[in-house]
Amino acid sequence: MTVTRGVPDREGADGKGGTAAVANSPDVPGSGALGDGYVPSARRLARERHQRARARRATAVAALSTLVTAVVLYLVVVGAPGWPRTKETFFSAHYAREALPKVLDGLWLNFRLLLVCGVAVLVLGMLIAIARTLRGPVFFPLRVLAAAYTDFFRGLPLIINLMIVVLGVPALRLQGVTVDPVLLGGTALTLTYSAYVAEVFRAGIESVHPSQRAAARSLGLTNRQALRHVVLPQAVRRQVPPLLNDLVSLQKDTGLVSIGGAVDAVRAADIIVGRSLNYTPYIVAGLVFVALTIPMTRFTDWVTARTDRRRAQGGSL
């Protein structure tokens, strides 16, 4: 950036100081506010005009390309031979109005499952991650069990896990064991997602440099205190974006508890579809989940970008 300071005033055509006139000109950004004789160079002013012009062109091109793409997609879909039948079967306004209140009522169950399972997943995942990172031969059996747990439930498809827990546990007829499909479905979700979250926490713990633990030990902290006060806070802050991504996935997968008969948003839509043979309620349920997921996704993107900026600036995570 080229800055001109203290340039002697020259008489303009009107007899006024040329530099002072430029410095107080409304066309120069910030010239009147500074009042210290600052005069942007002609190169800087030209560069700023060029940047503004490029931004306007980019916005216009993006808007035009988006409009053209939307028109093309609309013409392709509407012009398809089976569009009238598809519109009647999947986009019926009548069945959408009928399904929306029932789907929203069922969504309250999905939201409660998200809250309860989310907390349980974080706690269980943290415990498993700590078990996998414990040192010393005495903890070898615990490390093996934690590794076997994560390997098994990360490899087992969630839908099969749900079927085993929701349908298999009641078949055992165990005394004192619930047969509520909501509780069993939440248990299956917790078992699967805690394995994924455990690996996220473990990656965060192992990303903390060993010198941090050594410094804590040199200050008189025990291994447990060093883990609690030094290692875990850094590990959790570093892993916030992937943890939020897992939370978004859990938010969507709460709809799978409907396979056990729990009336959530998906099951409420399925009931109407079974009665009417019209699939519009599925579209309504899907759009409701999308509307619920988008804010969390955008928040995750914001946290990720903020973390990347801090890393690039060398700041604290």
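This text follows the structure it describes.
Attention here is on the structure that accompanies the text. (Residues numbered from 1 in each chain as written. Predicted model: local features only at pLDDT ≥ 70, side-chain atom pairs only at ≥ 80, totals over all residues. Heavy atoms only, no water.)

So, about the nonpolar core. Across soluble globular proteins, you tend to see nonpolar side chains buried next to one another. By size, the foremost hydrophobic cluster in this structure holds 29 residues, and its most contacted members are Ile 130, Leu 189, Tyr 193, Phe 201, Ile 205, Leu 232 and Leu 250. With sequence-adjacent residues up to four places away left out, Leu 232 is seen in contact with Met 126, Ile 130, Ile 205 and Leu 227. Counting ten residues, the second-largest nonpolar core is a separate cluster that includes Ala 269, Val 284, Ala 285 and Val 288. (Core = buried A, V, L, I, M, F, W, Y, C linked by side-chain atoms within 4.5 Å. Buried < 20%, exposed > 50% of the residue type's maximum accessible area, 1.4 Å probe, protein only. Contact = heavy atoms within 4.5 Å.)

Tracing the chain through its elements places Gly 155 in helix α6 (residues 140–155). For Gly 155, a relative accessible area of 56% corresponds to the exposed category. (Helix = DSSP H or I, 4+ residues; strand = E, 2+ residues; numbered from the N terminus.)

Our next topic: the packing of helix α9 (residues 210–218) against helix α10 (residues 223–238). How two helices sit against one another is set out by the angle between their axes and by the gap between those axes. The contact between α9 and α10 brings their axes to 9 Å, and the two run at 140°. On the basis of their axis angle, the class for α9 and α10 is oblique. As α9 packs across α10, the resulting crossing turns out to be right-handed. Only Asn 223, Ala 226, Leu 227, Val 230, Val 231 and Gln 234 of α10 make contact with α9, whose side of the interface consists of Gln 212, Arg 213, Ala 216 and Arg 217. Here the contact of α9 with α10 is composed, by residue class, of five nonpolar, three polar and two charged. (Axes fitted to C-alpha atoms, helices over the stretch in contact; angles between N-to-C directions. Parallel < 35°, antiparallel > 145°, perpendicular 65-115°, else oblique. Left-handed = near helix turned anticlockwise from the far one by under 90°. Nonpolar A, V, L, I, M, F, W, Y, C, P; charged D, E, K, R; others polar.)

Within the fold, Thr 133 resides in helix α5 (residues 93–133). Of the polar contacts made by the side chain of Thr 133, one reaches the backbone oxygen of Ala 129; its length is 3.1 Å. Here Ile 130 takes part through its backbone oxygen, which lies 3.1 Å from a polar atom of the side chain of Thr 133. Once you skip the residues sitting within four places of it in the chain, Thr 133 turns out to touch Arg 202, Ile 205 and Glu 206. (Polar contact = N/O pair within 3.5 Å; in protein donor to acceptor, adjacent residues only side chain to side chain.)

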